Amino acid sequence: MPAYPPERVLILGIGNVLWADEGFGPRCIEVLAESHAFPARVKLLDGGTQGLYLLPFLEEADALLVFDAVDYGLAPGTLMVARDEEVPAFMGAKKMSLHQTGFQDVLATAQFMGRCPERLTLIGCQPEELEDYGGSLRTIVAGQIAPAIGLALAELASWGVTPLPGCSEAEGLADPSLRRDAYETGRPSADEACRTGDDRFFPEAV
């Protein structure tokens, strides 16, 4: 049986904030860090798309909670919770991006080395749009950040972790210019933004 309560807890968001709904995981970490003060035994980490570079963080944790956009083939915005041995299977339901394969490798490597956290929980959100480089979270997915955090807080409470109102340090957060409010309010419209490259470098039509 896993130790209770876990001594070291890692809360991880993975995904790419520059690729529409791929940014769900990091945005959850961003909001969680801004709204809750966690005890020192809890680490918050925006893992981005680092893949195997995340392995040392897993090795240090007794319990891991992950936020991610995962394609379950369900209605956009649907939240799903997977635990323990279910987590690798859910993350492999349908490969969406390189980071997802990379994180499966992280889990498999940690398990092979006998250093995988004893408790694993994945809170996944079904994306609406991924093929929009430079795009924002879609409204239906952005609206699931607060419910996902609610699920996470309930899970953490079952692990004996109860944060206070306030804020926490989080590793790996995006530059302030890429935080959600700044990024999504300051970006050009879809008509103005070029999603396929800089038109200054397109060859002229012959």
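Along each chain, numbering runs from 1 in the same order as the chain's sequence is written. In view of the model being predicted, local features appear only for residues whose pLDDT reaches at least 70, and side-chain atom pairs are presented and counted only at 80 or more, with totals across whole chains, interfaces and linings using the full set of residues. Excluded from the side-chain calculations are hydrogens and water; all other atoms, namely the structure's heavy atoms, are used.

**Focus on helix H1 (residues 24–35)**
Numbering of helices and strands starts at the N terminus; helices are DSSP runs of H or I of at least 4 residues and strands are runs of E of at least 2. How far a helix is expected to stretch is found by multiplying one less than its residue total by 1.5 Å. The terminal C-alpha atoms of H1, which comprises 12 residues, lie 17 Å apart, in line with the 16 Å expected from a rise of 1.5 Å per residue. A large share of H1 lies buried, amounting to 9 of its 12 residues. Along H1, the residues that are buried comprise Phe-24, Gly-25, Pro-26, Arg-27, Cys-28, Ile-29, Glu-30, Leu-32 and Ala-33. The buried label applies to any residue whose accessible area, calculated with a 1.4 Å probe on protein chains only, is under 20% of its type's maximum; exposed applies above 50%, and partly exposed to all values in between.

**Some details on the pairing of strand S6 (residues 119–125)**
Most of S6 is tucked away: 7 of the 7 residues are buried. Both faces of S6 are covered, namely the face carrying Arg-119, Thr-121, Ile-123 and Cys-125 and the face carrying Leu-120, Leu-122 and Gly-124. Summarising the sheet, strand S4 (residues 63–69) and S6 pair through 7 bridges and their orientation is parallel. When the bridges of S6 are listed, Ala-63 appears paired with Arg-119. The pairing of strand S5 (residues 79–83) with S6 spans 5 bridges and is antiparallel. A pair of strands counts as paired when DSSP detects no fewer than two bridges linking them.

**Structural notes on the pattern of salt bridges**
Side chains carrying opposite charge are able to pair once their charged atoms draw close together. Any Lys or Arg side-chain nitrogen found within 4 Å of a carboxyl oxygen on Asp or Glu counts as a salt bridge. Under the definition given, this model contains 5 salt bridges. Of the charged contacts, one joins Arg-8 and Asp-62 as a salt bridge, the two residues approaching to 3.2 Å between their closest N and O atoms. Highlighted residues: Arg-8 in the segment before strand S1 (9–14) and Asp-62 in the loop between helix H2 (55–59) and S4, separated in sequence by 54 residues. Among the residues examined, Arg-8 registers a relative accessible area of 41% and is labelled partly exposed. Across the pair Glu-30 and Arg-27 runs a salt bridge, and its minimum N-O distance is 2.9 Å. One end of the pair, Glu-30, and the other, Arg-27, are both in helix H1, 3 residues apart, so they sit about a helical turn from each other. We classify Glu-30 as buried; its relative accessible area is 7%.

**With respect to unusual backbone geometry**
As a rule of thumb, non-glycine residues mostly have phi less than zero, and peptide bonds are mostly trans rather than cis. The phi angle at Ala-20 is positive, at roughly 50°, despite the residue not being glycine. Here Ala-20 shows up in the loop between S1 and H1. The phi angle at Asp-84 is positive, at roughly 50°, despite the residue not being glycine. Structurally, Asp-84 can be placed in the loop between S5 and helix H3 (86–91).

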